[in-house]
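Coordinate inspection notes
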Amino acid sequence: MGFATFNKGMLLAMALVVPAVSACSGYRPAPKAFHEATIQPYSLDSGDRLRITVFEQAGLSNTYTIDQAGYVAFPLIGAVPARGQTIQQLESAIAAKLRQGYLRDPDVSIEVDRYRSIYIMGEVGQAGQYSYVAGMTIQNAIAVAGGFSPRANQRDVDVTRKINGKIITGRVSISDPILAGDTVYVRERLF
């Protein structure tokens, strides 16, 4: 095999490898809104379980779950839209509805009893659905899922997050915060 034949073979091999490697970089770094979502007040969504307290109203104070349609079924006032609301906005909405013929001056307090789940996929010990804990980082979430597999890319991951009703995927560092409802995908490293 001559040098020219070897050179043509190398060029052909490189022509095949370069598109394959560049295809691996299909995800771009996360957009600005992706990172801004981590510093915004918590936005409620389906699956969140809330502890709602109405001061001096034991019959109304209880634990309620936001249903798949994004509503909280509350006694006396029925379904209250909760998806996309902050805790303070939902407190105000419930108080306003209770004022309409039920209570004179209701004092409503809400706290999240259990956040919606996070999902960890890809090159981890045990992929699946896990409980979210406030303040959790992606690295914490991966640890809960059994840590990285031997083939895992441990530098950055792809996270899919709902922001303002849109599903966005971005590549972020494992030290970034994770939000309730996020899906984390740990890719396989190339070498």
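Our subject is the structure listed above.
Presented here is a report on the structure given in the accompanying data block. (Residues numbered from 1 in each chain as written. Predicted model: local features only at pLDDT ≥ 70, side-chain atom pairs only at ≥ 80, totals over all residues. Heavy atoms only, no water.)

**Considerations on the environment of Gln 129**
The residue Gln 129 is located in strand 7 (residues 128–130) in this model. Taking the C-alpha atoms as reference, Gln 129 lies 9.8 Å from Gly 181; in sequence the two are 52 residues apart. Ignoring anything within four residues of it in the chain, the contact list for Gln 129 reads Ser 117, Ile 118 and Tyr 119. Within polar-contact distance, the side chain of Gln 129 engages the side chain of Ser 117 at 2.9 Å. (Helix = DSSP H or I, 4+ residues; strand = E, 2+ residues; numbered from the N terminus. Contact = heavy atoms within 4.5 Å. Polar contact = N/O pair within 3.5 Å; in protein donor to acceptor, adjacent residues only side chain to side chain.)

**A word on the sheet that holds strand 1 (residues 49–54)**
Pairing within the open sheet is antiparallel, and its 3 strands lie in the order 2-1-5. Sheet topology places strand 2 (62–65) and strand 5 (108–114) at the edges, where each strand pairs with a single neighbour. Taking the axes of each pair of neighbouring strands and ignoring which way they run, one obtains an average angle of 30 degrees across the sheet. Pairing of strand 1 with strand 2 involves 4 bridges; the strand directions are antiparallel. Along strand 2, the bridge assignment pairs Arg 51 with Thr 63. This element, helix 3 (residues 87–99), spans strand 1 and strand 5 of the sheet and lies at about 130 degrees to strand 5. (Pairing = 2+ DSSP bridges. Axes fitted to C-alpha atoms, helices over the stretch in contact; angles between N-to-C directions.)

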